[in-house]
Amino acid sequence: MEIRKASRKDAGNLAALFNHVEDSGYMLFNPGERKATAKQMEKQLEQIEKNPPFHCPRFR
């Protein structure tokens with residue numbers, strides 16, 4: 001297994017993973033209540049690249 005920083009090219013796979021987890025029934029929202037798209041994930045990754053979370057020094 002390789003662990004690496006996600007990039008915008010991973011957006012489709014991340015959206016699929018996000019939706020799978022959301023549909024598990026173990027999250028705060030009901031299954032199907034929230035759906036992510038590759039475009040949304042790409043935008044989110046872009047924002048993280050521009051403004052890294054303060055608690056993730058590895059992004060800086």
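Undergrad: Could you clarify how one ought to interpret the packing of helix α1 (residues 11-22) against helix α2 (residues 38-50) in this entry?
TA: The description of two packed helices rests on the angle between their axes and on the distance between the axes. Orientation of α1 relative to α2, taken along the N-to-C sense of each, is 110°, at an axis distance of 8 Å. Here α1 lies roughly perpendicular to α2, going by the angle between them. Note on element contacts: α2 touches α1 through A38, M41, E42 and L45, opposite A11, G12, L14, A15 and F18. Across the contact of α1 with α2, the residue classes break down as seven nonpolar, one polar and one charged.

Undergrad: Help me understand the environment of N13 in this model?
TA: Position of N13 among the secondary structure elements: in helix α1. Counting along the chain gives 28 residues from N13 to M41, while the straight-line C-alpha distance between them is 9.3 Å.

Undergrad: Whenever I open this one, α1 confuses me. Can you help?
TA: Residues lying three or four places apart along an α-helix face the same way, a consequence of the helix completing one turn every 3.6 residues. In this model, α1 (twelve residues) spans 16 Å end to end at C-alpha, consistent with the 16 Å of a helix rising 1.5 Å per residue. Of all the positions in α1, only A11, A15, N19 and E22 are classed as buried. Burial along α1 is one-sided: seen end-on, the buried residues are contained in an arc of 70°. With respect to the buried face of α1, the exposed residues turned more than 90 degrees away are N13 and H20. Here the buried face of α1 lies against α2.

Reading the values: the criteria
Residues numbered from 1 in each chain as written. Predicted model: local features only at pLDDT ≥ 70, side-chain atom pairs only at ≥ 80, totals over all residues. Heavy atoms only, no water. Axes fitted to C-alpha atoms, helices over the stretch in contact; angles between N-to-C directions. Helix = DSSP H or I, 4+ residues; strand = E, 2+ residues; numbered from the N terminus. Parallel < 35°, antiparallel > 145°, perpendicular 65-115°, else oblique. Contact = heavy atoms within 4.5 Å. Nonpolar A, V, L, I, M, F, W, Y, C, P; charged D, E, K, R; others polar. Expected span 1.5 Å × (residues − 1). Buried < 20%, exposed > 50% of the residue type's maximum accessible area, 1.4 Å probe, protein only. Arc of directions from axis to C-beta.

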